[in-house]
Amino acid sequence: KDAEQDYYEIARKLSPIKHIIIIMSGKGGVGKSTVATQLARFIAFNNPKCNVGLLDVDICGPSIPKTMGVENEEIFNSASGWSPIFVDDNLAVMSCGFLLESLDDAVIWRGPRKNGIIKQFLRDVDWSEQLDYLIIDTPPGTSDEHLSLVNYLKFCQNVRGAIMVTTPQEIAQMDVRKQVEFCHKVKLPIIGYVENMSVFVCPKCSKENYIFKSKSTKFTLEDKYGIKLLGRLPIDPLIGKSCDEGKSLFTDDKVLDNRILQAFQDLWD
Ligand code: ADP
């Protein structure tokens, strides 16, 4: 009964948000946080009137503070809740990384404690502006965090679903299928998937190299499993650099490979 009370409270708190989107990946290192970060930046940069929130519920390995360039910020708690960190006028970030003194602590946290912090994140963050988008970055795989999150969002009408991130490698695609099963089980709609690191374009001769050449994800994931391909993101040193330095990819379009813009445009559409 207490739990149900929490679900209602969270649904009420998050009800002004127009769209809640959950970013997932079957494996670590496929670029999930990169996609979550740059998607939030892309939307906020191209739509100044759109308020975007990015929430990182990866308790054991929060990387959003770094990819957003706000690593050493502190979170303040006031009567109206935890204030997120504003990266831009219309882009706010909240991550477990801001709260953890030492990440080593979190690694040994068990389910109930993780559950507690996710509940607080959903219920107690004061986004201040009415958000158009809340993008939630989750840990790789399907863990306690995913179950908690989906449970707590049970009564929210504005959860649009999950976006999966994968590389073309067969092993990553296999893990996406596991995630799809999870989503079906917990009745979380799947918006589609992003194929990251799909191609590397030689900076000298512009030849396209398919580094992770394996069965096309379009064939395995879209045709066979009916999950929509939302966009393809190339391997580009600029993407790695912007995440390492916590910068936006979109402030200087001139240096940006058109494929990157296209991928985010496709994803956004
Ligand atoms: P995940 O969240 O899935 O664990 P990350 O987003 O942290 O993965 O990405 C892993 C590493 O790969 C990071 O260093 C990131 O900057 C880099 N990376 C991700 N996508 C690309 C890409 N398309 N091109 C170049 N580097 C990338």
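Our subject is the structure listed above.
The shown structure was predicted, so the numbers you read here are calculated from the model rather than taken from an experiment. (Residues numbered from 1 in each chain as written. Predicted model: local features only at pLDDT ≥ 70, side-chain atom pairs only at ≥ 80, totals over all residues. Heavy atoms only, no water.)

Trainee: Give me the packing of aromatic side chains: which residues, what numbers.
Mentor: Tallying each qualifying case throughout the model produces five aromatic pairs. On the basis of an interplanar angle of 70 degrees and a centroid distance of 5.9 Å, the ring pair of Tyr7 and Tyr152 is categorised as edge-to-face. One end of the pair, Tyr7, is in helix α1 (residues 2-14); the other, Tyr152, is in helix α6 (residues 144-152), and 145 residues separate them in sequence. The same class applies to Tyr7 and to Tyr152, which are both buried. (Phe/Tyr/Trp six-rings, centres within 6.5 Å; stacked < 30°, edge-to-face > 60°. Helix = DSSP H or I, 4+ residues; strand = E, 2+ residues; numbered from the N terminus. Buried < 20%, exposed > 50% of the residue type's maximum accessible area, 1.4 Å probe, protein only.)

Trainee: Outline helix α2 (residues 32-46), supporting the account with residue identities and numerical values.
Mentor: When the terminal C-alpha atoms of α2 are compared, their 21 Å separation across 15 residues agrees well with the 21 Å that a helix rising 1.5 Å per residue should span. In terms of residue burial, α2 counts as a mostly covered element, since 13 of its 15 residues are buried. (Expected span 1.5 Å × (residues − 1).)

Trainee: Please set out the nonpolar core residue by residue, giving values where relevant.
Mentor: Side chains of nonpolar character tend, in soluble globular proteins, to be buried together. By size, the foremost hydrophobic cluster in this structure holds 78 residues, and its most contacted members are Leu55, Leu122, Ile135, Ile136, Leu153 and Phe264. Take this core: its biggest share by element is seven residues, from α2. Setting aside residues up to four positions removed in sequence, Leu153 forms contacts with Ile10, Leu14, Ile22, Leu122, Ile136 and Val159. (Core = buried A, V, L, I, M, F, W, Y, C linked by side-chain atoms within 4.5 Å. Contact = heavy atoms within 4.5 Å.)

Trainee: Outline the pattern of salt bridges, listing residues and values.
Mentor: Evaluated as defined, the whole model comprises nine salt bridges. A salt bridge links Arg123 to Asp124; the nearest nitrogen and oxygen atoms lie 3.0 Å apart. You can call Arg123 partly exposed: its relative accessible area is 22%. Taking the shortest distance from any N to any O, the salt bridge between Asp175 and Lys178 comes out at 3.3 Å. Placement of both Asp175 and Lys178 in helix α7 (residues 170-186) is noted, with a separation of three residues, approximately one turn of the helix. (Salt bridge = Lys/Arg side-chain N within 4 Å of Asp/Glu carboxyl O.)

Trainee: So what's going on with the packing of α1 against helix α5 (residues 111-124)? Residues and values would help.
Mentor: Where α1 contacts α5, the axes come no closer than 8 Å and their chain directions differ by 40 degrees. The pairing of α1 with α5 is recorded here as oblique in orientation. Of α5, the residues touching α1 (which contributes Asp6, Glu9, Ile10, Lys13 and Leu14) are Lys119, Leu122, Arg123 and Asp124. In the contact of α1 with α5, the residues fall into three nonpolar, no polar and six charged. (Axes fitted to C-alpha atoms, helices over the stretch in contact; angles between N-to-C directions. Parallel < 35°, antiparallel > 145°, perpendicular 65-115°, else oblique. Nonpolar A, V, L, I, M, F, W, Y, C, P; charged D, E, K, R; others polar.)

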